[in-house]
Amino acid sequence: MARAAVPGRLSWLVSTLATSRDETASARTLVLDVPGWPGHQAGQHVDVKLTAEDGYSAQRSYSIASAPDGSSLELTVQRIADGEVSPYLTEVLGPGDPLELRGPIGGWFVWPPGSAAPLLLVAGGSGIVPLMSMIRSHTVNKSKVPVRLIYSLRSPADALYAPELSERTVASPLEVTYLYTRTAPTGMPTGRINADIIDTAAWPPSDKPAVFICGPTGFVEAAAGLLVAAGHDPAAIKTERFGPTS
Ligand SMILES: Cc1cc2nc3c(=O)[nH]c(=O)nc-3n(C[C@H](O)[C@H](O)[C@H](O)COP(=O)(O)OP(=O)(O)OC[C@H]3O[C@@H](n4cnc5c(N)ncnc54)[C@H](O)[C@@H]3O)c2cc1C
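Everything numeric here is computed off the predicted structure, so don't read it as measured data. (Residues numbered from 1 in each chain as written. Predicted model: local features only at pLDDT ≥ 70, side-chain atom pairs only at ≥ 80, totals over all residues. Heavy atoms only, no water.)

Novice: I'd like a description of the packing of aromatic side chains, backed by residues and values.
Specialist: Counted under the stated rule, the structure contains three aromatic pairs. Seen from their ring centres, Tyr 151 and Tyr 178 are 5.6 Å apart, and the 40° between their planes marks the pair as tilted. With Tyr 151 in strand β8 (residues 147–153) and Tyr 178 in strand β9 (residues 174–180), this pair connects stretches of sequence that are 27 residues apart. Their ring planes at 10° and their centres at 6.1 Å tell us that Tyr 178 and Tyr 180 sit as a pair that is stacked. What makes Tyr 180 buried here is its relative accessible area of 8%. Cation over ring: Arg 136 sits above Tyr 161, and NZ or CZ is 5.0 Å from the ring centre. (Phe/Tyr/Trp six-rings, centres within 6.5 Å; stacked < 30°, edge-to-face > 60°. Helix = DSSP H or I, 4+ residues; strand = E, 2+ residues; numbered from the N terminus. Buried < 20%, exposed > 50% of the residue type's maximum accessible area, 1.4 Å probe, protein only. Lys NZ or Arg CZ within 6 Å of the ring centre and 35° of its normal.)

Dropping the structure here:
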């Protein structure tokens, strides 16, 4: 007899890699078929588990990149050169291979598509992943709320989803501001997020935006601090931290 899932507790599911695609030289999107997937909300993540033949296993969290509109699930993984899990997911896992995961996880860092507030998304590096699910969900749900994305990354070559974001700025009420911390396109400065950028690229506090910030801990703390200093309501700011402190 199949073991019943304990209500309120997530069971591990065995997904299969349907296909994958490079987003940059070091980031790859995995498209997974997940039998029994219960559906998700934009902003949630999954836990992924790898198990070696000797039984050793490692778990990591990955945000869901796809909109909550289908049976397949997309994760985008940034390869960390000396990492335990991300090199396997980006370089070894192939079509047809199984991948254990459980989810969806997280009920706080989620964007409800019925929300009427303007949406302010602030991403550092691979922190764009759950925010991309929100942008895709915005389109799927035909939301009319305006969206602004501030996306901080090292260089143009590190941009995830750049062609899709560019297309979406034409088709939907989305404005994107890129910040480059190391190498910028000709004529653009390099630099970190600061008060001037918040002033020009974010919604003013009087518009009462719903704010989602995601990225490395240092980036998230800096961005949240700048928004609060600019007068945004701390209760309207939701944050999610990836990886080590930058
Ligand atoms: C809620 C949540 C959602 C996440 N979503 C995503 C996602 O959508 N895409 C994604 O790529 N990652 C995401 N992460 C990060 C992911 O869980 C792993 O931490 C990451 O893939 C590194 O795992 P690893 O096993 O390859 O490296 P590890 O073996 O854990 O670490 C190897 C080395 O790299 C350093 N390191 C670890 N993580 C980072 C990092 N992010 N940046 C720089 N150095 C690092 C470590 O300090 C260590 O020195 C998320 C994390 C959380 C908590």
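Novice: Could you give an account of the site of the ligand, naming the residues involved and the relevant values?
Specialist: Around the ligand lies a shell of 21 residues, among which Arg 60, Ser 61, Tyr 62, Gln 78 and Ser 86 are the nearest. Ser 61 is positioned with one of its backbone polar atoms (N or O) 2.6 Å from an oxygen atom of the ligand. Backbone polar atom of Thr 76 to a nitrogen atom of the ligand: 2.9 Å apart, as the coordinates give it. For the ligand, whose unbound accessible area comes to 920 Å², protein coverage reaches 72%. With respect to the detected pockets, the ligand is housed in the largest pocket. At the level of elements, β4 (57–63), β5 (72–78), α1 (86–92) and β11 (237–242) are the ones that each hand at least two residues to the shell around the ligand. (Near = heavy atom within 4 Å. Polar contact = N/O pair within 3.5 Å; in protein donor to acceptor, adjacent residues only side chain to side chain. Areas by Shrake-Rupley, 256 points an atom, 1.4 Å probe, with all protein chains shown as cover. 1 Å grid on protein atoms, 1.4 Å probe; cavity = no way out; pocket = protein on both sides within 12 Å on 5 of 7 lines; lining within 4 Å. Sits in = over half its atoms within 2 Å of the grid points.)

Novice: Give me the lowdown on the packing of helix α2 (residues 128–140) against helix α3 (residues 162–171), citing residues and values where you can.
Specialist: Two elements in contact, α2 and α3, have axes whose closest approach is 12 Å; the angle formed by their N-to-C orientations is 35°. Both α2 and α3 take part in a crossing whose hand is left-handed. Contacts between α2 and α3 involve Met 132, Ile 135, Arg 136 and Thr 139 from the first element and Glu 164, Leu 165 and Arg 168 from the second. Looking at the contact of α2 with α3, its residues break down into three nonpolar, one polar and three charged. (Axes fitted to C-alpha atoms, helices over the stretch in contact; angles between N-to-C directions. Left-handed = near helix turned anticlockwise from the far one by under 90°. Contact = heavy atoms within 4.5 Å. Nonpolar A, V, L, I, M, F, W, Y, C, P; charged D, E, K, R; others polar.)

Novice: Describe the domain arrangement of the chain, listing the residues and the values that go with them.
Specialist: One frequently used descriptor of interface size is the decrease in accessible area upon assembly of the parts. With domains assigned, the chain is organised as domain 1 (13–105) and domain 2 (119–242). Computed from C-alpha coordinates alone, the two centres of domain 1 and domain 2 are separated by 24 Å. Contacts between the two partners involve 19 residues from domain 1, matched on the other side by 16 residues from domain 2. Of the roughly 1,200 Å² buried at the junction of domain 1 and domain 2 (both faces included), carbon and sulfur atoms supply 57%. Our enumeration of links across domain 1 and domain 2 arrives at zero salt bridges. Here domain 1 is connected to domain 2 by four residue pairs in polar contact (both at pLDDT 80 or more). (Domains from an automatic or database assignment. Buried area = accessible area lost by both parts, 1.4 Å probe. Salt bridge = Lys/Arg side-chain N within 4 Å of Asp/Glu carboxyl O.)

Novice: Outline the environment of Ser 15, listing residues and values.
Specialist: Mapped onto the fold, Ser 15 is located in strand β1 (residues 13–24). The buried category is assigned to Ser 15, whose relative accessible area is 0%. Along the chain, Ser 15 and Gly 96 lie 81 residues apart, while their C-alpha atoms are 9.3 Å from each other. Every residue in contact with Ser 15, bar those within four places of it in the chain, is listed here: Leu 32, Asp 33, Val 34, Pro 35, Asp 97, Pro 98, Leu 99 and Leu 101. Within polar-contact distance, the side chain of Ser 15 engages the backbone oxygen of Leu 99 at 2.7 Å.

Novice: Can you explain the nonpolar core? Please cite residues and give values.
Specialist: Membership of the largest hydrophobic core comes to 29 residues, with the highest contact counts inside it found for Leu 121, Leu 149 and Phe 212. Of all the secondary structure elements, the ones that give two or more residues to this core are β7 (119–124), α2, β8, β9 and β10 (210–216). Here this core takes six residues from α2, the largest share from any one element. Residues lining this core come from more than one domain, with at least three contributed by each of domain 1 (13–105) and domain 2 (119–242). In this structure, Leu 121 is in contact with Leu 131, Met 134, Ile 135, Val 147, Arg 148, Leu 149, Ile 150 and Phe 212, ignoring residues within four places of it in sequence. Ranked by size, the runner-up nonpolar core spans 20 residues in total, among them Leu 13, Trp 37, Ile 64 and Leu 73. (Core = buried A, V, L, I, M, F, W, Y, C linked by side-chain atoms within 4.5 Å.)

Novice: Let's hear about the layout of surface pockets: which residues, and what values?
Specialist: Within this model, the largest pocket holds a volume of roughly 1,300 Å³. Secondary-structure elements contributing two or more residues to the lining of the largest pocket are β4, β5, β8, α5 (217–229) and β11. Considering every element that reaches the lining of the largest pocket, the biggest residue donor is β4, with four residues. Looking at the lining of the largest pocket, its residues break down into 14 nonpolar, 17 polar and nine charged. Counting only domains with at least three residues in the lining of the largest pocket, you end up with domain 1 (13–105) and domain 2 (119–242). Along its surface, the second largest pocket is lined by 13 residues, and Lys 49, Leu 50, Thr 51, Ala 52 and Tyr 88 are the ones closest to its centre. For the lining of the second largest pocket, a count of residues per class yields eight nonpolar, two polar and three charged. (Points joined across faces, edges and corners; volume = space filled by probe spheres on them.)

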